[in-house]
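Now for the letters of each chain:
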Amino acid sequence: MRELASLSEAERRALMRTDWGFVHQDATLGLRMNVSAGGNIGERLMALGDRHYGRIRKTAAEWLGRVEIAADRLDHKPSTYSGGMRQRLQIARNLVTSPRLVFMDEPTGGLDVSVQARLLDLIRNLIAEMGLAVVLVTHDLAVARLLSNRIMVMKEGAVIESGLTDRVLDDPQAPYTQLLVFSVLAA
Amino acid sequence: MMPAAADLLIVEGLEKSFTLHLHGGARLPVVAGVAFAVERGECVVLGGPSGAGKSSILKMAYGNYRADRGRILLADGGRFLDIAQASPGEIVDARRRIMGYVSQFLRVIPRVSALDIVAAAARGAGLEVEAARARAAALLARLNLPNHLWALPPATFSGGEQQRVNIARGFAGEHDLLILDEPTASLDAVNRDAVVALIAERRALGAGFLSIFHDEDVRERLADRVIDVLPFSAQAAA
């Protein structure tokens, strides 16, 4: 165990490239928009010291496949990608170095519902396969239910209620949680 | 009560009420003093009228509802886990390894195929990808889900077809304990028979069942014991 606040900047930077990942709601914050998709994925590998271009490119192509992006988009810049593809590329860029802990800030936030479902399924499968620990922020209770085991309900900077996700959502105890859960419109 | 080797689930002094904060803190008592046990290889059915608290008892046993008081002891190898006190992690783990649940309605990620939904449940219980798919396929075949539906997401399926996907998912983990909330409600006679046969087969292999069946015929054929929940019900006390 290490105290994060006591780490040097170099150590924190190393953590961000290795054991940690961060998926932003706004993909342009998590990607280099003017670097190819392959470059975006390969950057973390190079940061870890891999210098073998062919191997990096091969790994990047494999990851593009895992997040369901066509192989022929490897050399295209993310600025030419749709919102859903950018989000999947951001996930590939984060997971390529097999982090142990990934933070996700509204990963399906700005997306059309038509791409949300596939992305949720993809995230869920990757979490299960890689044994990832994820801390996710979302306003969408359905997303919380589908992706998380545990939930912490927050209001004004304080945790109001926490526990097993389906229990908190189906049997909420705190007044604020009840308000949230019982206010959701069924589609 | 001292747990015996055959005990799979022991419920003692279980109590539950809802407090509705959006309605002036109104308190809605559901059940109190619930006590019963389920042994390995036994099918226990909860009986009683609608609103008596049958589903709430099932949900507490699965960890889905909070228990206000009492114990829910689930056998895990040589020890017992108290679901009423267990941490979220312990409940998640128990659901993977020991207990499954079939609800009245299927709730899944949209656009995922029926086969993948069932296979994911088998994967969760520890099977490798291919073995999980094989078990999922066997279950869907067994429950007469037409082959051409397997690769499709269940959203457009009929109620009975969705329910069979739901049952297949619940059985895919081959858990010690299965909690069934009216699994046969929307099924026709042929498919009801298929479900009854599946339950009977698992029971013969030692699985225990805690269930609600409104269908008299199904109850006749499967129930080793019917527990009337009315004596535990707040509705009866009111």
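Treat the numbers as computed from the prediction; the structure is a model and nothing was measured.

**A few points about the overall build of chain A**
When its secondary structure is counted, chain A shows nine helices and five strands. Listed by position from the N terminus, the elements making up chain A come as α-β-α-α-α-α-β-α-β-α-β-β-α-α. With the C-alpha coordinates aligned to their principal axes, the bounding extent of chain A is approximately 55 × 45 × 25 Å. Considering only contacts in chain A between residues 6 or more positions apart, those separated by 24 or more positions represent 58%.

**What to know about the interface of chain B and chain A**
Taken together, the 13 residues of chain B in the interface contact 18 residues of chain A. Residues belonging to the side of chain B that touches chain A are distributed by class as follows: eight nonpolar, three polar and two charged.

**Some words on the nonpolar core**
Residues and elements named next belong to chain B. Grouped together as the largest cluster of nonpolar side chains are 104 residues, with contacts concentrated most on Leu 9, Ala 61 and Val 118. Examining the composition of this core, we find that eight residues originate from one element, helix H3 (residues 114–124), more than from any other. Excluding residues within four positions of it along the chain, Leu 9 makes contact with Ala 37, Val 38, Ala 61, Leu 73, Leu 74, Leu 177, Gly 208 and Leu 210.

**Some details on helix H6 (residues 113–130) of chain A**
Residues and elements named next belong to chain A. An ideal rise of 1.5 Å per residue puts 26 Å on 18 residues; H6 measures up with 26 Å between its terminal C-alpha atoms. Residues of H6 that are buried: Gln 116, Leu 119, Leu 120 and Ile 123. Looking straight down H6, one finds that the buried residues subtend no more than 110° of arc, so they occupy a single side. Facing away from the buried side of H6 by more than 90 degrees, the exposed set consists of Ser 114, Ala 128 and Glu 129. The inward-facing, buried residues of H6 abut helix H5 (83–95) and helix H7 (141–147). Gly 131 sits one or two residues past H6 and shows a positive phi near 65°.

**Describing the pairing of strand E3 (residues 133–137) of chain A**
Residues and elements named next belong to chain A. The pairing of strand E2 (residues 101–105) with E3 spans five bridges and is classified as parallel. Counted as the bridge partner of Asp 105 is Val 137 from E3. With respect to chirality, the unit in which E2 leads through H6 into the neighbouring parallel E3 is right-handed.

**Quick notes on the packing of H5 of chain A against H6 of chain A**
Residue and element names in this part refer to chain A. Closest axis-to-axis distance for the H5/H6 pair is 10 Å, and the angle between their directions is 10°. In terms of orientation, H5 lies roughly parallel with respect to H6. Here Gly 84, Gln 87, Arg 88, Ile 91 and Leu 95 of H5 come into contact with H6, specifically with Val 115, Leu 119, Leu 122, Ile 123, Leu 126 and Met 130. Grouping the amino acids of the contact of H5 with H6 by side-chain chemistry returns eight nonpolar, two polar and one charged.

**Topic: the pairing of strand E3 (residues 43–47) of chain B**
By the bridge criterion, three bridges tie E3 of chain B to strand E8 (residues 208–212) of chain B in an arrangement that is parallel. Considered in E8 of chain B, the bridge of Val 45 of chain B is made with Ser 211 of chain B.

**Observations regarding the sheet that holds strand E2 (residues 26–39) of chain B**
Residue and element names in this part refer to chain B. Strand order in this open sheet of four strands is E2-E1-E4-E5, and the pairing throughout is antiparallel. A single partner strand is all that each edge strand has here, and the edge strands are E2 and strand E5 (79–82). For this sheet, the mean inter-axis angle between neighbouring strands, taken without regard to orientation, is 25°. Two strands pair when backbone bridges link them, and strand E4 (residues 69–76) and E5 are joined in this way by four bridges, in the antiparallel orientation. Residue Ala 75 lies in a different strand from E5, and its bridge partner there is Phe 80. Against the sheet, helix H1 (residues 54–61) touches strand E1 (7–20), E2 and E4, its axis set at about 115° to E1.

Parameters and conventions
- Residues numbered from 1 in each chain as written.
- Chains lettered and ligands numbered in written order.
- Predicted model: local features only at pLDDT ≥ 70, side-chain atom pairs only at ≥ 80, totals over all residues.
- Helix = DSSP H or I, 4+ residues; strand = E, 2+ residues; numbered from the N terminus.
- Contact = placed C-beta atoms within 7 Å.
- Nonpolar A, V, L, I, M, F, W, Y, C, P; charged D, E, K, R; others polar.
- Core = buried A, V, L, I, M, F, W, Y, C linked by C-beta atoms within 7 Å.
- Buried ≥ 20, exposed ≤ 12 C-beta atoms within 10 Å, placed from the backbone.
- Expected span 1.5 Å × (residues − 1).
- Arc of directions from axis to C-beta.
- Pairing = 2+ DSSP bridges.
- Right-handed = clockwise from strand over helix to strand, strands pointing away.
- Axes fitted to C-alpha atoms, helices over the stretch in contact; angles between N-to-C directions.
- Parallel < 35°, antiparallel > 145°, perpendicular 65-115°, else oblique.

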